[in-house]
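Each chain, written out:
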Amino acid sequence: MQALILAAGMGTRLNEYTDKVPKCMVPVNKTPLIERALHSLVKAGIKKVIIGLGYKGDVLKEFVTALNAKYNWGLDFHFVDNPVYDSTNNIYSLYLTKKEFVQDDTILLESDLIFDLDLIKSVAADSSPNLAVVSKFEPWMDGTCTTVDENDYITSLVDKSHFKYTQTDSYYKTVNIYKFSKDFIASQYLPFLESYMEVYGKNEYYETTLKILCNLNPALLKAFKVSGDLWYKIDDPADLNIADNRFAQSEKKLKLMQERNGGTWRFPSLLDFSTEANPFFPPQKIVEELSLSLKDLITKPTSSNYQKSILAAKLFKILPENIAVTDSLEQAGINPHETESLTIFGEDLGLFGNTAQAVLASGKKVFVAQELGKLLGVPGLGLTVIISSDKELIESLKENIPCTTVSSVAEYFLQILEKYKKECKDSLKKCAQETERLYEKLSSLFGQENVEKTSLAAVTVKTSRAVDIAEKLLSEYNCYVKSSGETLWVTTSTPENNELLLRALERCL
């Protein structure tokens, strides 16, 4: 078996990273993509490697030749240059390799990928002659997708122009790693590729020809399913940053994740115990209602701070003059610890009742801050309310906080929240109960004296092994818990996820 690596592209979206080297020489965690790919081929026992060159081809040729000597791999390289790489696409780069391509069963892969080092070995060992490596579609994925039947045969390839977000549950994303038999390459694929190119030209994609062949013969290409955690495609600096996280060693992986300070939605399979958020709210119905108005909300500006205060005041049953809405206390320039009085509402946050009204009527100069977004399960909306009997303070905040700090989506969430007050109150009770259960379980693992409930949805654990445990949880169990010094910060998730975390913790201790 041989390997064919397509590496002709310019990688323009990586900007200065590819000024002097081809895209596949850009490093992830200090190791160039092509070096890692070649390590994987060596582990799979592959000796012959065909590389389709293009942009900075001489640089790449010199680099891989030096690697071969450095590591004593004994790889047999065959370089095929595409002199018009800047005006053609990968169909032509693949076509130019036909003399070598047709000689053996072949692992075909694109050079802008990072993937698990054992992936190629597993693909090569599979008994199916023709394979496409695929992953269940996740929101971060982009490009050609597939559909598969009950026997895992690929029934269609779905390009961008035919992609439907309403059908993503049935999609599998192509990883751009394939295995083709020598017979398929010679008798079907290359002849069809050549005929297609004669009609449509050289500026096409080889996946299009696979799409047509799979439509003609649904039992042609089998799906080799892998987790989305095992690979990543590098197109731009943001991709590089995410790939650094995904494929870092445990110590660096935790450090990089904590430096993100959020954005864990970029890692869909991650179990996040770092973000304080009520796991029982919002209900699906409120998500659907937000989605229904999403186009208007993202294409029209948010309203004034006064209008937002009217919406918030209705929820707390107070006057708009006593409440301001912002995305965070930092944005408002307020440190709660420096205020004359700080009152924190109970489990109900003071919502939908008379608590806030009673506090303001007490005659005291009070200041109440609630990070509603966290405890209503929508920390990404950045909703914080500031309630005070000092109307001049509230007026000053409304005048000085930019109205754009709270988005139209967050404003609309405030507008419709009252319709879901029963679900909201129920969710807060469930959250408190689940946090109590988590507290008790953690106390049994670490000792009650080392565990403390710090909010409705968060617990801290004191242990000298805090950093070590957090690193192991992330690298081995895909559970993300923040740590610093001798403290673990654990936020409440669903009962199912909490059980997964507790079992992982037991193994770490």
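Because the structure is a prediction, the values reported are computed rather than measured.

Our next topic: the overall build of the protein. On a plain count of helices and strands, the protein comes out with 20 helices and 22 strands. The dimensions of the protein, computed from C-alpha atoms along their principal axes, are 90 × 50 × 45 Å. Across the 509 residues of the protein, 52% fall into the buried class. Excluding contacts between residues fewer than 6 apart, the proportion of contacts in the protein whose partners are at least 24 apart in sequence is 75%. Summed over all atoms, the accessible surface of the protein reaches about 23,800 Å², with 49% contributed by carbon and sulfur. Here the protein contributes 57 positive and 68 negative side-chain charges, whose respective centroids are spaced 1 Å apart.

Moving on, we get to helix H9 (residues 250-260). Note on helix geometry: an α-helix contains 3.6 residues per turn, so any two residues three or four positions apart are oriented the same way. Listing the buried residues of H9 in full gives Lys253, Leu254, Leu256, Met257 and Arg260. Projected down its long axis, H9 shows its buried positions confined to an angular sector of 165°, all on one face. Summarising the geometry of H9, the exposed residues directed more than 90 degrees from the buried face are Glu251, Lys255 and Glu259. Buried residues along H9 sit against helix H8 (237-246), helix H19 (466-477), strand S20 (479-480) and strand S21 (482-484).

Another aspect to go through is the packing of aromatic side chains. Considering all chains together, one arrives at 17 aromatic pairs under this definition. On the basis of an interplanar angle of 50° and a centroid distance of 5.2 Å, the ring pair of Trp140 and Trp231 is categorised as tilted. Highlighted residues: Trp140 in the loop between strand S8 (131-136) and strand S9 (145-148) and Trp231 in strand S13 (residues 231-233), separated in sequence by 91 residues. Overall, the relative accessible area of 2% leaves Trp231 in the buried class.

Reading across from one edge, S18-S19-S22-S21 is the order of the four strands in this open sheet, with antiparallel pairing throughout. Two strands close off the open sheet at either side, each with one partner strand: strand S18 (451-455) and S21. Neighbouring strand axes in the sheet, compared pairwise and without regard to direction, differ in orientation by 25° on average. As judged from the four bridges shared by S18 and strand S19 (residues 458-462), these two strands associate in the antiparallel manner. Within S19, the position partnered with Glu452 by the bridge is Thr460.

Attention shifts here to a positive patch on the surface. Positive charge collects at one region of the surface, where Lys317, Lys421, Lys425 and Lys429 lie side by side. As for its position among the elements, Lys421 is in helix H18 (residues 421-446). A relative accessible area of 41% places Lys421 in the partly exposed class.

What counts as what
Residues numbered from 1 in each chain as written. Predicted model: local features only at pLDDT ≥ 70, side-chain atom pairs only at ≥ 80, totals over all residues. Heavy atoms only, no water. Helix = DSSP H or I, 4+ residues; strand = E, 2+ residues; numbered from the N terminus. Buried < 20%, exposed > 50% of the residue type's maximum accessible area, 1.4 Å probe, protein only. Contact = heavy atoms within 4.5 Å. Areas by Shrake-Rupley, 256 points an atom, 1.4 Å probe, with all protein chains shown as cover. Lys, Arg positive; Asp, Glu negative; His and termini not counted. Charge placed at Lys NZ, Arg CZ, Asp CG, Glu CD. Arc of directions from axis to C-beta. Phe/Tyr/Trp six-rings, centres within 6.5 Å; stacked < 30°, edge-to-face > 60°. Pairing = 2+ DSSP bridges. Axes fitted to C-alpha atoms, helices over the stretch in contact; angles between N-to-C directions. Patch = residues over 30% accessible without salt bridge, like charges linked within 9 Å, V, L, I, M, F, W, Y side chains within 5 Å. Salt bridge = Lys/Arg side-chain N within 4 Å of Asp/Glu carboxyl O.

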